Amino acid sequence: MTLDYSALLDEIPHLLRARAFADSLAAAPLFSRIGEAFDQQDRALAELYAQNLGFPHVSAARLVHFGEALGTAESLDDDPETWEAEEQFRASLHQEALMVTSEEGASALLQLVAGQAGAIAKERATDVFSHMPQMSEAGLNCLVGHVSRAAHCMALAILSDTDEAEPDHPFILRWSLFNRGRWPVGITGSSFNIY
């Protein structure tokens, strides 16, 4: 069997950038600005996310209370349109990532990101929300799931070079909101709900 060393060398920069993202997760200020009033950048990121996902009629809506955020997260299951739009973007990014990285390399980096994101999200969510009466194991799983999904999609954007080619891609914008201490819960009706 002959190894294609040039192909392996070509994918190393993509894998290294994804590895750097995984390493940076520990410094992400997850949940540090929940419930606060939007600043100009929060609102701009949120509205551009909705527009670029294909929902230009949607506006940013601030959630003020943890219970409200959890309830909104639970109601997302009733709105498959947004989920389908995100899934199409995710599948497309996955295919693009496999055009520039091997399946083995991409899989290894995505597993690394998943492990890092899950552990860090669980720790931060426990620190921030454990004193709240609405907090439960299901609530913790919801929070960790949202962060993990966003980090996974951001890693796909990096592996496919979309973060450099399309800085306004919805998944990059969503991760930017997490990285600003917000919880972008999701779209319901004409609102992009952010805690």
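Each residue is numbered by its place in its chain's sequence as written, counting from 1. The model is predicted, so local features are restricted to residues of pLDDT at least 70 and side-chain atom pairs to those at 80 or more, both for listing and for counting; the totals for chains, interfaces and linings are taken over all residues. Water and hydrogen atoms play no part in the side-chain values, which are based on all heavy atoms of the structure.

**Q** Is there a simple way to explain the layout of surface pockets in this structure?
**A** To find leftover empty space, a probe the size of one water molecule is rolled over the atoms. Considering only enclosed or pocket space, the largest pocket measures out at about 510 Å³ in volume. Using only the protein atoms, space was sampled on a 1 Å grid; points where a 1.4 Å probe fits but cannot get out form cavities, open sets with protein on both sides within 12 Å along at least five of seven lines form pockets, and lining residues are those with an atom within 4 Å of a point. Surrounding the largest pocket, 25 residues form its lining, Leu 76, Trp 83, Glu 86, His 146 and Arg 149 being those nearest its centre. Numbering of helices and strands starts at the N terminus; helices are DSSP runs of H or I of at least 4 residues and strands are runs of E of at least 2. Mapped onto the lining of the largest pocket, the elements with two or more residues apiece are helix H3 (66-75), helix H4 (80-100), helix H6 (137-159), helix H8 (170-178) and strand S2 (184-188). Ranked by residue count, the leading element in the lining of the largest pocket is H4, at six residues. Residue polarity is assigned by list, with Asp, Glu, Lys and Arg as charged and Ala, Val, Leu, Ile, Met, Phe, Trp, Tyr, Cys and Pro as nonpolar; anything else, Gly included, falls into the polar class. A breakdown of the residues in the lining of the largest pocket according to their chemical character gives 14 nonpolar, three polar and eight charged. Grid points are joined across faces, edges and corners, and a volume is the space filled by probe spheres set on the points.

**Q** Just to check I follow, could you spell out the pairing of strand S3 (residues 191-194) for this structure?
**A** Residues in a regular strand point their side chains to alternate faces of the sheet. Following DSSP output, two strands are said to pair if at least two bridges run between them. Where strand S1 (residues 59-62) and S3 come together, four bridges link them in parallel fashion. Across the sheet, the residue bridging to Arg 62 is Ile 194, located in S3. Bridge count between S2 and S3: four bridges; the pairing is antiparallel. Within the sheet, the bridge partner assigned to Gly 186 lies in S3 and is Asn 193.

**Q** Would you explain the environment of Leu 156 in this entry?
**A** Note that Leu 156 resides in helix H6. In contact with Leu 156, other than residues within four places in its own chain, are Arg 90, Leu 93, His 94, Ala 97 and Leu 110. In what follows, residue pairs with any heavy atoms lying within 4.5 Å of each other are defined as contacts.

**Q** Could you clarify how one ought to interpret the sheet that holds S2 in this entry?
**A** Paired through their backbone hydrogen bonds, the strands of a sheet run either parallel or antiparallel. Pairing in this open sheet of three strands is mixed, and the strands run S1-S3-S2 from one edge to the other. This sheet does not close on itself; its edge strands, each paired only once, are S1 and S2. Taking the axes of each pair of neighbouring strands and ignoring which way they run, one obtains an average angle of 30 degrees across the sheet. Only the contacting stretch of a helix is used when fitting its axis, a line to C-alpha atoms as for every element, and angles between N-to-C directions run 0 to 180 degrees.

**Q** Quick question: what am I supposed to make of the packing of aromatic side chains here?
**A** Only Phe, Tyr and Trp rings are paired, with Trp represented by its six-membered ring, and only when their centres lie within 6.5 Å; those with planes under 30 degrees apart are stacked, over 60 edge-to-face, the remainder tilted. The full count for this structure, using the stated rule, is nine aromatic pairs. Relative to Phe 129, the ring of Phe 31 lies with its centre 5.3 Å away and its plane at 70 degrees, an arrangement referred to as edge-to-face. Taken together, the residues Phe 31 in the loop between helix H1 (5-24) and helix H2 (40-53) and Phe 129 in helix H5 (residues 103-129) connect sequence positions 98 residues apart. For Phe 31, a relative accessible area of 2% corresponds to the buried category. Note on classification: 1.4 Å probe, protein chains only; a residue is buried when its accessible area is under 20% of the maximum for its type, exposed when over 50%, partly exposed between these limits. Accessibility expressed as a relative area gives 0% for Phe 129, which makes it buried. Ring centres 4.4 Å apart and planes at 15 degrees place the aromatic pair Phe 66 and Phe 129 in the stacked group. With Phe 66 in helix H3 and Phe 129 in helix H5, this residue pair connects regions lying 63 residues apart in the sequence. Just as Phe 66 is buried, Phe 129 falls in that class too.

**Q** Got a minute to help me understand unusual backbone geometry in this structure?
**A** The backbone of Phe 31 shows a phi angle near 65 degrees, a positive value even though the residue is not glycine. One non-glycine residue, Asp 161, lies in positive phi territory at about 70 degrees. As for its position among the elements, Asp 161 is in the loop between H6 and helix H7 (162-165).

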